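Structural features, examined
Residue strings, one per chain:
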Amino acid sequence: MAAKLTEFYAQASSQYGVMGRMKLAMLTKIPSEKAGNEPDSPDNIKLFQQAMHQLKQAA
Amino acid sequence: MAGNITESRKMKITTKLGLLFAGMIIVFILLGVTLLAQMRLVSNGYDALLASPVRDIDAARVVQVNFKKEVQEWKDTLLRGHKPADLAKYGKQFREQEAAVRAGAVALSRTVEDQEAHKLLVQFIAADDVMSAKYKRAYDVYVAGNADFKAADALVRGQDRAPTDLFDKVVQRLEARVKSTVAAQQLSVRRNQSLALGISAGLLSLLGLLGFLTVRSIVRRLAALRNVSRRLANADVEGLSIDISGKDEIGEFGESMKGVRAAIEELLHVAQALSRAA
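Residues numbered from 1 in each chain as written. Chains lettered and ligands numbered in written order. Predicted model: local features only at pLDDT ≥ 70, side-chain atom pairs only at ≥ 80, totals over all residues.

1. Describing the overall build of chain B
What chain B contains, in helices and strands, is seven helices and zero strands. Listed by position from the N terminus, the elements making up chain B come as α-α-α-α-α-α-α. Classification of the 278 residues of chain B by burial places 20% in the buried group. Taking the contacts inside chain B whose residues are at least 6 apart along the sequence as the reference set, 70% of them involve residues at least 24 apart. (Helix = DSSP H or I, 4+ residues; strand = E, 2+ residues; numbered from the N terminus. Buried ≥ 20, exposed ≤ 12 C-beta atoms within 10 Å, placed from the backbone. Contact = placed C-beta atoms within 7 Å.)

2. Re the overall build of chain A
In terms of regular secondary structure, chain A is built from three helices and zero strands. The helix and strand sequence of chain A, counted from the amino end, reads α-α-α. A total of 59 residues make up chain A; the buried ones form 39% of that total. Considering only intrachain contacts with a sequence separation of at least 6, the fraction spanning at least 24 residues in chain A is 65%.

3. Some words on the environment of Arg80 of chain B
All names here are of chain B. With respect to the helices, strands and loops of the structure, Arg80 is situated in helix 2 (residues 13-80). Taking the C-alpha atoms as reference, Arg80 lies 9.6 Å from Phe149; in sequence the two are 69 residues apart. With residues near it in sequence (within four places) discarded, Arg80 still touches Asp86 and Tyr90.

4. Re the confidence of the model for chain B
All names here are of chain B. Here chain B shows a mean pLDDT of 89. Residues at 70 or above account for 96%. Per-element confidence in chain B ranges from a low mean pLDDT of 47 for helix 1 (residues 2-9) to a high of 94 for helix 3 (residues 84-111). Note that pLDDT drops below 50 for residues 1-7; the model gives that stretch zero contacts with residues more than four away or on any other chain. On the interface metric, ipTM, the complex scores 0.91, and its pTM is 0.62. (pLDDT = per-residue confidence, 0-100.)

5. Quick look at the confidence of the model for chain A
Residues with a pLDDT of 70 or more make up 98% of chain A, whose mean pLDDT is 92. The weakest mean pLDDT in chain A belongs to helix 2 (residues 32-35) of chain A at 91; the strongest belongs to helix 3 (residues 42-58) of chain A at 94.

6. Some thoughts on helix 3 of chain A
Residues and elements named next belong to chain A. Over its 17 residues, helix 3 extends 24 Å from the first C-alpha to the last, a length consistent with the 24 Å expected when each residue adds 1.5 Å. Taken residue by residue, helix 3 has Phe48, Ala51, Met52 and Leu55 as its buried positions. The buried residues of helix 3 occupy an angular sector of 100 degrees when projected down its axis, which confines them to one face. More than 90 degrees from the buried face of helix 3, the exposed residues found are Pro42, Asp43, Lys46, Gln49, Gln50, His53, Lys56 and Gln57. (Expected span 1.5 Å × (residues − 1). Arc of directions from axis to C-beta.)

7. Describing helix 1 (residues 3-28) of chain A
Residue and element names in this part refer to chain A. Here helix 1 contains 26 residues, and its C-alpha end-to-end distance of 16 Å is more than 12% below the 38 Å for a straight helix at 1.5 Å per residue. Remark: the principal bend of helix 1, roughly 140 degrees, maps to Tyr16. Remark: Lys29 follows helix 1 within two positions and exhibits a positive phi of approximately 65 degrees. (Bend = angle between axes of the 7 residues up to and from the residue.)

8. Examining the packing of helix 3 of chain B against helix 4 (residues 115-144) of chain B
All names here are of chain B. Direction vectors running N to C along helix 3 and helix 4 enclose 160 degrees, while the axes themselves pass 9 Å from each other. When the axis of helix 3 is compared with that of helix 4, the two are roughly antiparallel. Helix 4 is crossed by helix 3, and the crossing has left-handed handedness. Contact residues: helix 3 offers Glu98, Val101, Arg102, Ala105, Val106, Leu108 and Ser109, while helix 4 offers His118, Leu121, Val122, Phe124, Ile125, Asp128 and Ser132. In the contact of helix 3 with helix 4, the residues fall into eight nonpolar, three polar and three charged. (Axes fitted to C-alpha atoms, helices over the stretch in contact; angles between N-to-C directions. Parallel < 35°, antiparallel > 145°, perpendicular 65-115°, else oblique. Left-handed = near helix turned anticlockwise from the far one by under 90°. Nonpolar A, V, L, I, M, F, W, Y, C, P; charged D, E, K, R; others polar.)

9. Looking at the packing of helix 2 of chain B against helix 6 (residues 161-233) of chain B
Residues and elements named next belong to chain B. Where helix 2 meets helix 6, the axes come as close as 10 Å, and the angle between the chain directions of the two elements is 175 degrees. In terms of axis orientation, helix 2 runs roughly antiparallel to helix 6. Here the residues of the contact of helix 2 with helix 6 are counted per class, giving 32 nonpolar, 13 polar and five charged.

10. Some remarks on the environment of Asp248 of chain B
By secondary structure assignment, the location of Asp248 of chain B is in the loop between helix 6 and helix 7 (249-277). Distance from Asp248 of chain B to Thr14 of chain B, taken between C-alpha atoms, is 8.7 Å for residues 234 residues apart in sequence.

11. Brief notes about the environment of Gln159 of chain B
One can find Gln159 of chain B in the loop between helix 5 (149-156) and helix 6. Dropping the residues within four chain positions of it, Gln159 of chain B is found in contact with Met131 and Lys134 of chain B.

12. So, unusual backbone geometry
Look at Lys29 of chain A: it is not a glycine, yet its phi comes out positive at around 65 degrees. Along the chain, Lys29 of chain A turns up in the loop between helix 1 and helix 2. A positive phi angle is found at Ala235 of chain B, which is not glycine, with a value near 55 degrees. You can see Ala235 of chain B is positioned in the loop between helix 6 and helix 7. With 13 C-beta atoms packed within 10 Å, Ala235 of chain B lands in the partly exposed category.

Given below as structure tokens:
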């Protein structure tokens, strides 16, 4: 289970709503359903962190 | 092959098209250079032909005509030299032609490259010497005998036959040499033409093949991109695989499509969750 990646979605949802989830999916190319099956690898975590940073900047 | 395709996909489409265009220009420059080299080769070949065999045959024909004039002048001397003035006139013309034949034959024997023709010319000069000596004696007899052309003619009758035959052989020999040189030159031109055509066809075929492969690759990937785009436009992301890789413009577009697919999937997921909650 990719607990950390799923956590990013929860964070995006709480901070930026549905639009944030959609943008996170667009930036990482990994939707939340798939994120749950992806490994919490350093690369994936870095990818999501960068996407979150972009969301924050765009907000 | 797969490696080459991967390598080619790392290149931007603009770079590929630029390289193809540059390749075409290089090929046409190469063809132009080949054509110029070909023309120079042909020109040099015909220059060489004009420089020796044609020059020799021209000089030989001049000597041949002068020799015939010399014999004619001798006949004029005998037939029309009854008066001292006519004798002096025709005698002078005969000696001028005799000198011209001698000078022409000697000059040709010095410059002619063909060994057989040179040998024939040496024989002609010797035969001409013999004939001239006999003509001189016959002329003296003619003058001493008060224009008795029969006695003089009896001394030289048929004496021009040997040098005439010899010089005809010289001309034939040189004509044959010109013909063989022209034939060799034509063969060389045909060979070079075939070579130039072969190189041109090879280069153009290679360029055409590269162009065809590049265009086919672009068109196939664009078709795949169009299918993906149509499905995304209908939010039809179920089982949608976006297998458009590469670092060129199409590859970049494919990567963007993956983001769009993920966004649609996420929206559908949210919509489903909301529907369930309702």
